[in-house]
Amino acid sequence: MRLKDIFIKMLKEKNIERVGTTIRKIISSDDPIKMMALYIANGRANICPSKTYSGISFKLDGNKCYDPPQAYVGRCKDVIFTKDELISKGYFPYIVIDCRYHDLHSKKEKKKLLLQIRQTLGVIREYMWDDRLIVTLKCGCGRYYQSSEDFLRQMDFKNVILLDPNAENIYNGEKADCYIIGGIVDKAGNKKGLTSKIGEELEKAGFSVDSRKIVLRGDTVGVPDRINHITEIILKVVLDEKSVEDAIREVQPPIIAKWRLRKELHEYTIRVMLKNTIFRILPKSVFNEFKWLNLRLEDFYRVCSEQKFIVVSDRLFEEVKRSKWDEKRRCYVLG
Ligand code: SAM
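Residues numbered from 1 in each chain as written. Predicted model: local features only at pLDDT ≥ 70, side-chain atom pairs only at ≥ 80, totals over all residues. Heavy atoms only, no water.

(A) Examining the site of the ligand more closely. What surrounds the ligand is a group of 20 residues, the closest being Leu163, Asp186, Gly193, Thr195 and Ile214. Asp186 has a polar side-chain atom sitting 2.4 Å from a nitrogen atom of the ligand. Here an oxygen atom of the ligand sits 2.8 Å away from a polar atom, N or O, in the main chain of Gly193. Bound to the protein, the ligand loses 96% of the 570 Å² it would expose on its own. At the level of elements, β11 (178–182), α7 (194–204) and β12 (210–213) are the ones that each hand at least two residues to the shell around the ligand. Per-class residue counts for the shell around the ligand are eight nonpolar, five polar and seven charged. (Near = heavy atom within 4 Å. Polar contact = N/O pair within 3.5 Å; in protein donor to acceptor, adjacent residues only side chain to side chain. Areas by Shrake-Rupley, 256 points an atom, 1.4 Å probe, with all protein chains shown as cover. Helix = DSSP H or I, 4+ residues; strand = E, 2+ residues; numbered from the N terminus. Nonpolar A, V, L, I, M, F, W, Y, C, P; charged D, E, K, R; others polar.)

Below, the structure written as structure tokens:
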């Protein structure tokens, strides 16, 4: 469950169906109930009993309503429930962005890293609240620690997962107290294996971490590797209870789906020779085989065209397969 769902559950338990506020950022948000929960968890407001009140009232589905609120989010001493009560009612893991290899990044990569950290905070706020993001870089996002080791030493967790694309073991949706993600942006392509080094250093410092790779049908190709995307995949799995495959597809940008398609498509083609020219064809229905990728039909056609594969109707494809087979050239011969 997300923080917002816990908040709604607690309000319902108190028979509260309408909550008001005068906080502008909440009122203008596209998800005011989520924002209320976030304000409370971030310690910026309380949930208070409604008295004479002039704000805007929201139903728990987020729609505005004209009936007076039964509680409001603002500042008060006689809170309905405390921030600690709210955050202790759910499972909310920590996400640590380990930036120990920051110095290895170019100026451009450092900029991209900052952007990804900011976007990760955006993801964290969709599911949890700011405190759950730990960053070992002073950048004004989440909570700063000098190192992951410092943070782990303070917390004494039972299980910590290091997300590492080069790990031996596969991530199957395991819940952990803390997930560590490498604060690594890989534009220059010279940082392969660095996440495993983070794991080795943590082990050397006496922390036992479970290294896991996220794979899509057996391969990391097609798994988005941005820090914010990895965070979102994990939170969709552990808080929304989605399967790893569904979570990947929901987060996967089409450009990354296309990388995976390029890797797979060849298998669906057959070689055909017409007037001494050999080319590859595949039936249009192959597109339906890739429902597990976040692909649009236009992406499918684009990849086929760049690989010089010709898409034909299923009927034509079957017809071609009935033509003469040339064993030497390993192709069907037309005409
Ligand atoms: N080049 C780095 C390496 O080989 O270790 C990977 C950098 S990746 C851009 C940034 C971070 O996202 C990684 O440190 C890792 O924590 C996480 N990550 C990316 N893809 C992953 C995958 N398929 N499985 C697990 N973690 C992944």
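(B) Representation of helix α3 (residues 32–41) within the structure. Taking burial as the measure, the 10 residues of α3 include 10 buried ones, the bulk of the element. Residues of α3 that are buried include every one of Pro32, Ile33, Lys34, Met35, Met36, Ala37, Leu38, Tyr39, Ile40 and Ala41, and no others. Looking one or two residues beyond α3, the residue adopting positive phi is Gly43, at roughly 75°. (Buried < 20%, exposed > 50% of the residue type's maximum accessible area, 1.4 Å probe, protein only.)

(C) Local environment of the pattern of salt bridges. The full count for this structure, using the stated rule, is 26 salt bridges. Between Glu250 and Lys242 there is a salt bridge; the shortest N-O distance is 3.0 Å. With a relative accessible area of 39%, Glu250 lands in the partly exposed category. Linking Asp299 and Arg296 is a salt bridge whose minimum nitrogen-to-oxygen distance equals 2.9 Å. Classification of Asp299 by relative accessible area gives buried; the value is 0%. Take Arg296: its relative accessible area is 40%, and that puts it in the partly exposed class. Each of Asp98, Arg100, Glu149 and Glu201 takes part in a single network of salt bridges with overlapping partners. (Salt bridge = Lys/Arg side-chain N within 4 Å of Asp/Glu carboxyl O.)

(D) Inspection of unusual backbone geometry at higher detail. Although it is not a glycine, Asn15 adopts a positive phi angle of roughly 60°. Inspection of the secondary structure assignment puts Asn15 in the loop between α1 (3–13) and β1 (18–21). The backbone phi angle of Asp156 is positive, close to 55°, even though this residue is not glycine. Inspection of the secondary structure puts Asp156 in the loop between α6 (148–155) and β9 (160–163). The exposed category is assigned to Asp156, whose relative accessible area is 70%.

(E) Representation of the state of the cysteines within the structure. The full count for this structure, using the stated rule, is one disulfide. A disulfide bridge connects Cys48 with Cys76, and the sulfur atoms are separated by 2.2 Å. Between Cys48 and Cys76, the S-S torsion sits near -95°, and that sign places the bridge as left-handed. Taken together, the residues Cys48 in strand β2 (residues 46–49) and Cys76 in the loop between β5 (71–74) and α4 (83–88) connect sequence positions 28 residues apart. (Disulfide = S-S within 2.5 Å.)

(F) Structural context of the side chain of Arg132. Secondary-structure assignment places Arg132 in the loop between α5 (107–127) and β7 (133–135). Setting aside residues no more than four positions away along its own chain, Arg132 makes contact with Phe92, Pro93, Tyr94, Ile95 and Ile124. (Contact = heavy atoms within 4.5 Å.)

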